[in-house]
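# Structural overview for review
What follows is each chain in one-letter form.
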Amino acid sequence: MHIYRSALLRFDAQGAPLYDEDGLLAIAPDAEGRQRVQAAGAWQALHGQFAGQPVTQLPGRILAPGFVDMHIHFPQTDIIGSPAEGLLPWLEQYTFPEESRFHADTHGAQVAEFFIDELLRNGVTTALAFATSHPQSVDALMREAQRRSLRLICGKVLQDRHSPDGVRDATEQSLLDSESLIARWHGVDRLGYAITPRFAPTSTPEQLRGAGELAARHPDVWIQSHVAENLDEVRWVRELFPRSRSYLAVYDDFGLMRERAVYAHCIHLDEADRALMREREAAAAVSPTSNLFLGSGFFDFAQADAAGFRYGLASDVGGGTSFSPFQTMMAAYYVGREGQNKEGVSLPPSTLWWRHTAGAAKALGLGGVIGNLQPGCEGDFVVLNPQATPLLARRTAQARNLEELLFAMIVLGDDRLIENTVISQAK
Ligand SMILES: [Zn+2]
């Protein structure tokens, strides 16, 4: 049993923030030995239950849920910050050459270790990650996540066309490989598998059909891909799949839209697409630093909320420019404000935070499991130090309410704000 006394941030079932300036967080192993939140709330109300137990006092710190990154490419760690003329040239010039290196086990293992260090340094405790088309790249990341007790979801990229030698896979073998990776990793410890077509243009209809059949046979396995990021890409998909109503509908036509299906970007959608997202209970991984970096467009938060489909925030490293959830939330705010191409909105700081923690978990189908510090949740959390930099200390000290405090951390925060990241260990 670990008992902490500190300021404490968590969320209620509707996504509203709950904040105790003098809070208590108790973490204890469950029957299987998994560390879970046993109690969370005001110190005054709860400490009597734990009389005589040792307490870790963290004055001036804030305990908050670990961040959930809904879309990230672990093999793109080393090409973060590579400039290009938009998505398709960026893939050709940087992504595919780098991903071809993951044919070698040693390279995958070495990048996996660095990648998870970087997630944890930034307070990210769960990620839905792309590997490469090489099955051994999935093994590399899963092994490393397992060693660190991380809750992580990952999949082998499917791409059997319009891809250069070194990353292109073979249709039938790619599906067999996916199936054996599901058997090897899905549901093992805290790991999950995601069926991972890179995006519609790089898969043949046969590969997409096979992926859909795999998804039907394994309903609790995730699906991840990209959709409607960039207008050139949208045009290309229309040429390749003329019989589908839209780019998003391509995935639906192949059985790849369902709960636990996560589509990165979702920028250039129409009303019918948004309704389809909601009906199928699929989720969008909104990746604002990537969308601003590659000049792809602006996710329409107002329309997404009006349609009522699930979404959460994501870094999309290496198209995204930072592992830091603070940078992602800041960029989401900029994208929300943009009002020339869509309605401009000011997203409340607590909403941005929720979309990257409990809200992202909910979109992944892991609500109540991770991303929050309510009783029963797995004990992944961060210790924030609002005095980490002189400006943070000065600005947060003057915050008049929780929204101002959260916004000051979003605007000014980076990895220095994360003093510690604690992962729920199994005994
Ligand atoms: Zn991506």
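Residues numbered from 1 in each chain as written. Predicted model: local features only at pLDDT ≥ 70, side-chain atom pairs only at ≥ 80, totals over all residues. Heavy atoms only, no water.

### Quick notes on the coordination of the zinc ion
Six octahedral donors around a metal ideally subtend angles of 90 or 180 degrees, whereas four tetrahedral donors ideally subtend 109.5 degrees. To keep it simple, the criterion reads: Water is not part of the atom set, so a site may look incomplete; the donors themselves are N, O and S atoms within 2.8 Å of the metal, or 3.2 Å for Na, K and Ca. Geometry assignment treats four donors as tetrahedral when all angles are between 85 and 135 degrees, treats four as square planar and six as octahedral when opposite donors are over 155 degrees apart and all others between 65 and 115, and treats everything else as irregular. Only DSSP runs of H or I reaching four residues or more are called helices, and only runs of E reaching two or more are called strands; each is numbered from the N terminus. The classification of residues rests on relative accessible area computed with a 1.4 Å probe and restricted to protein chains. Under 20% of the type maximum is buried, over 50% is exposed, and intermediate values are partly exposed.
Taken together, His-71 (NE2), His-73 (NE2), His-226 (NE2) and Asp-316 (OD) make up the protein donors of the zinc ion, found 2.0 to 2.3 Å from the metal. For the zinc ion, the four donor atoms in the first shell make angles of 88 to 169° at the metal, so the coordination geometry reads as irregular. Mapping the donors of the zinc ion onto the primary sequence yields the spacing H-x1-H-x152-H-x89-D. Linking His-71 in strand 5 (residues 67-73) with His-226 in strand 10 (residues 222-227), this pair joins segments that are 155 residues apart in sequence. Owing to a relative accessible area of 2%, His-71 belongs among the buried residues under this scheme. Accessibility expressed as a relative area gives 6% for His-226, which makes it buried.

### Things to note about unusual backbone geometry
Leaving glycine aside, a negative phi is the common case for residues, and trans is the common case for peptide bonds. Geometrically, the link from Val-317 to Gly-318 is a cis peptide bond, its omega value of 5° lying close to zero. Assignment of secondary structure puts Gly-318 in the loop between strand 13 (310-313) and helix 12 (325-337). If you check the backbone angles, Asp-189 has positive phi at about 45° while not being a glycine. As for its placement among the helices and strands, Asp-189 is situated in the loop between helix 5 (171-185) and strand 9 (191-197). A residue is classified by how much of its surface remains accessible, and Asp-189, at 55% relative accessible area, is exposed. In this model, Cys-266 sits at a positive phi of 55°, which is unusual for a non-glycine residue. Topologically, Cys-266 is positioned in the loop between strand 11 (261-265) and helix 9 (271-280). Taking the relative accessible area as the measure of exposure, Cys-266 reaches 3% and is therefore buried.

### Considerations on the sheet that holds strand 14 (residues 381-384)
Stated formally: In this description, strands pair whenever DSSP reports at least two bridges between them. Note on geometry: axes are C-alpha line fits, over the in-contact stretch for helices, and angles between N-to-C directions span 0 to 180 degrees.
Strands sit in the order 3-2-1-4-14-15 across an open sheet of six strands; the sheet is mixed. Every interior strand has two partners, whereas the edge strands, strand 3 (35-42) and strand 15 (418-422), have only one. Averaged over all pairs of adjacent strands, the angle between strand axes in this sheet comes to 40°, irrespective of strand direction. Across four bridges, the pairing between strand 14 and strand 15 is antiparallel. Bridging across to strand 15, Val-383 finds its partner in Asn-420.

### Here's the deal with the environment of Tyr-19
Going by this rule: Throughout, a contact is declared for two residues whenever any of their heavy atoms are within 4.5 Å.
Topologically, Tyr-19 is positioned in strand 2 (residues 17-29). Tyr-19 sits in the partly exposed class, given a relative accessible area of 27%. Sequence separation between Tyr-19 and Ala-7 is 12 residues; the distance between their C-alpha atoms is 7.4 Å. Ignoring any residue separated from it by four or fewer positions in sequence, one finds Tyr-19 in contact with Ala-7, Leu-8, Leu-9, Ile-62, Leu-402 and Leu-405.

### Brief notes about the pairing of strand 7 (residues 151-155)
Let me state the cut-off plainly: A clockwise course of the path from the first strand over the helix to the second, judged with the strands pointing away from the viewer, identifies a crossover as right-handed.
Burial of strand 7 is extensive: five of the five residues sit out of reach of the surface. The side-chain alternation of strand 7 yields two buried faces, one formed by Arg-151, Ile-153 and Gly-155 and the other by Leu-152 and Cys-154. In the sheet, strand 6 (residues 124-130) pairs with strand 7 via five bridges, with the strands oriented parallel. Within the sheet, the bridge partner assigned to Leu-128 lies in strand 7 and is Ile-153. This β-α-β element, strand 6 to helix 4 (residues 135-147) to strand 7, shows right-handed connectivity. Where strand 7 and strand 9 come together, three bridges link them in parallel fashion. Looking at the pairing, Ile-153 lines up with Gly-192 of strand 9.

### Quick word on the nonpolar core
Definition in use: Grouping buried Ala, Val, Leu, Ile, Met, Phe, Trp, Tyr and Cys residues that are joined through side-chain atoms within 4.5 Å yields what is termed a nonpolar core.
Phe-299, Trp-353 and Leu-384 are the most contacted members of the largest nonpolar core, which has 101 residues in total. Discounting residues that sit within four places of it in the chain, Leu-384 has contacts with Gly-60, Arg-61, Ile-62, Ala-64, Phe-326, Trp-353, Met-409, Leu-417 and Ile-418. Judged by nonpolar contacts, the second largest core, of 17 residues, contains Trp-222, Ala-264, Ala-283 and Ala-360.

### A short note on helix 5
The cut-off we apply is this: One fewer than the residue count of a helix, multiplied by 1.5 Å, yields its expected span. Each C-beta atom gives one direction from the helix axis, and the arc is the one those directions make.
The end-to-end C-alpha distance of helix 5 is 21 Å, a good match for the 21 Å that 15 residues give at a rise of 1.5 Å each. Considered for burial, the residues of helix 5 that qualify are Ser-174, Leu-175, Asp-177, Ser-178, Leu-181, Ile-182 and Trp-185. The arc that holds the buried residues of helix 5, viewed along the axis, is 160°, so those residues lie on one side. For helix 5, the exposed residues lying more than 90 degrees away from the buried face are Glu-172 and Ala-183.

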